[in-house]
Amino acid sequence: MVSLEEIKMFTIHAHEGQVRKYTGEPYVEHCFAVAENVFISMKEPTPDLVFSAYLHDTVEDTDVTQEETQQKFGDKVAEYVWYLTKPPEFVGNREQRKTLDRARLAAAPPELRMVKICDLMHNAPSIKEHDKTFWKTWKTEAIQLLEVMEARYVWDRLCTDQARDDYAKLVTLLTTK
């Protein structure tokens, strides 16, 4: 069985030297923030789900492969990471990739959609604050994704009472100027 410490160290190593686009903070802080939000927002997060939250950007943003994820962390974590990994750029233009992204995440297990919702919650404020032009495109894509994931239903069903209002805050952020 893989430990939480092993996942954290793997994530730190995989994202070593990467920084967030708008804030300049170490990229791994985003991975940790998403995982922490999953852990505190969900009623019953499984270890595999929390592990996949730490690893959610690893395959798409580092040299780590899907196969390596499977070998090190098992089938379930690898499956979860696959659902969370964006299609590579060679697959098509942004619109085509986002269409594929929505289809994959709409088919994802509800608990995994919680990870993506937490990812959007962490990304939205910095994009809105630092890139007003991209924000217009990003928020439209985020709203479309939330709709196909049935995010309101998923959030209400799986979140803790303390996190109940967090989804509404995300929607407000996405729908106000």
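Higher on the page you've got the structure.
Residues numbered from 1 in each chain as written. Predicted model: local features only at pLDDT ≥ 70, side-chain atom pairs only at ≥ 80, totals over all residues. Heavy atoms only, no water.

Asks: Is there a simple way to think about the packing of helix 3 (residues 47-55) against helix 6 (residues 75-84) in this case?
Replies: Two numbers describe a pair of packed helices, the interaxial angle and the distance between the axes. Direction vectors running N to C along helix 3 and helix 6 enclose 45 degrees, while the axes themselves pass 9 Å from each other. The angle between helix 3 and helix 6 falls in the class oblique. When you trace helix 3 past helix 6, the crossing you get is right-handed. Where helix 3 abuts helix 6, its residues D48, L49, F51, S52 and L55 lie against K76, V77, Y80, V81 and L84. (Axes fitted to C-alpha atoms, helices over the stretch in contact; angles between N-to-C directions. Helix = DSSP H or I, 4+ residues; strand = E, 2+ residues; numbered from the N terminus. Parallel < 35°, antiparallel > 145°, perpendicular 65-115°, else oblique. Left-handed = near helix turned anticlockwise from the far one by under 90°. Contact = heavy atoms within 4.5 Å.)

Asks: I would appreciate a short explanation of the pattern of salt bridges in the present structure.
Replies: Oppositely charged side chains can pair when the atoms bearing their charge come close. Evaluated as defined, the whole model comprises 10 salt bridges. Between D161 and R164 there is a salt bridge, with the nearest N and O atoms lying 3.4 Å from each other. Beyond isolated ion pairs, a larger network of salt bridges with shared partners links R152, D156, D161 and R164. (Salt bridge = Lys/Arg side-chain N within 4 Å of Asp/Glu carboxyl O.)

Asks: Explain the nonpolar core here, please?
Replies: If you look at soluble globular proteins, the nonpolar side chains tend to sit buried side by side. Counting 48 residues, the largest nonpolar core has L112, V115, I117, W138, L146, W155 and L170 as the members making the most contacts within it. Among the elements of the structure, helix 1 (4-14), helix 2 (28-41), helix 3, helix 6, helix 8 (110-130), helix 9 (132-148), helix 10 (151-158) and helix 11 (166-175) are those that each provide at least two residues to this core. By residue number, the principal contributor to this core is helix 8, which donates nine residues. Setting aside residues up to four positions removed in sequence, I117 forms contacts with L146, M149, A151, W155, Y167 and L170. (Core = buried A, V, L, I, M, F, W, Y, C linked by side-chain atoms within 4.5 Å. Buried < 20%, exposed > 50% of the residue type's maximum accessible area, 1.4 Å probe, protein only.)

Asks: Help me understand the side chain of K116 in this model?
Replies: Looking at where K116 falls in the secondary structure, it is placed in helix 8. Leaving out residues up to four positions away in the same chain, K116 has contacts with L84, L105, L145 and M149.

Asks: Which parts of the structure should I look at to understand helix 10?
Replies: A turn of α-helix holds 3.6 residues, and therefore any two residues three or four places apart point the same way. For helix 10, the complete set of buried residues consists of A151, V154, W155 and L158. Down the axis of helix 10, the sector holding all buried residues measures 95 degrees, keeping them to one side. Looking at the buried positions of helix 10, the neighbouring elements they touch are helix 2, helix 8, helix 9 and helix 11. (Arc of directions from axis to C-beta.)

Asks: Help me understand unusual backbone geometry in this model?
Replies: Glycine aside, a negative phi is what most residues show, and trans is what most peptide bonds show. Phi angles above zero are rare outside glycine, and E150 is one such case at about 50 degrees. One can find E150 in the loop between helix 9 and helix 10.

Asks: I'm lost on helix 8 in this one. Help?
Replies: For helix 8, with 21 residues, the first-to-last C-alpha span of 31 Å sits near the 30 Å given by 1.5 Å per residue. Residue N123 marks the point of greatest curvature in helix 8, where the axis turns by about 30 degrees; the proline P125 follows within four residues. Across the 21 residues of helix 8, 15 count as buried, placing the element largely inside the fold. (Expected span 1.5 Å × (residues − 1). Bend = angle between axes of the 7 residues up to and from the residue.)

Asks: What is the right way to read the environment of T133 from this model?
Replies: Mapped onto the elements, T133 comes out in helix 9. Between the C-alpha atoms of T133 and Y153, which are 20 residues apart in sequence, the distance is 30 Å.

Asks: I'm lost on the layout of surface pockets in this one. Help?
Replies: To locate leftover empty space, one rolls a probe as large as a water molecule over the atoms. Its volume calculated, the largest pocket comes out at about 970 Å³. Taken together, 31 residues line the largest pocket, and the ones lying closest to its centre are E60, K86, R94, K98 and W138. Elements represented by at least two residues in the lining of the largest pocket include exactly helix 4 (58-61), helix 7 (94-106), helix 8 and helix 9. In terms of residue count, the dominant contributor to the lining of the largest pocket is helix 8 (six residues). (1 Å grid on protein atoms, 1.4 Å probe; cavity = no way out; pocket = protein on both sides within 12 Å on 5 of 7 lines; lining within 4 Å. Points joined across faces, edges and corners; volume = space filled by probe spheres on them.)

Asks: Looking at this structure, how should I read the side chain of D57?
Replies: Assignment of secondary structure puts D57 in the loop between helix 3 and helix 4. It is K116 that comes nearest to the buried, bridge-free D57 among opposite-charge side chains, at 6.1 Å. For D57, the residues in contact, after removing those within four places along its chain, are H15, Y27, H30 and T62. (Lys, Arg positive; Asp, Glu negative; His and termini not counted.)

What is shown is where atoms sit, not what they do.
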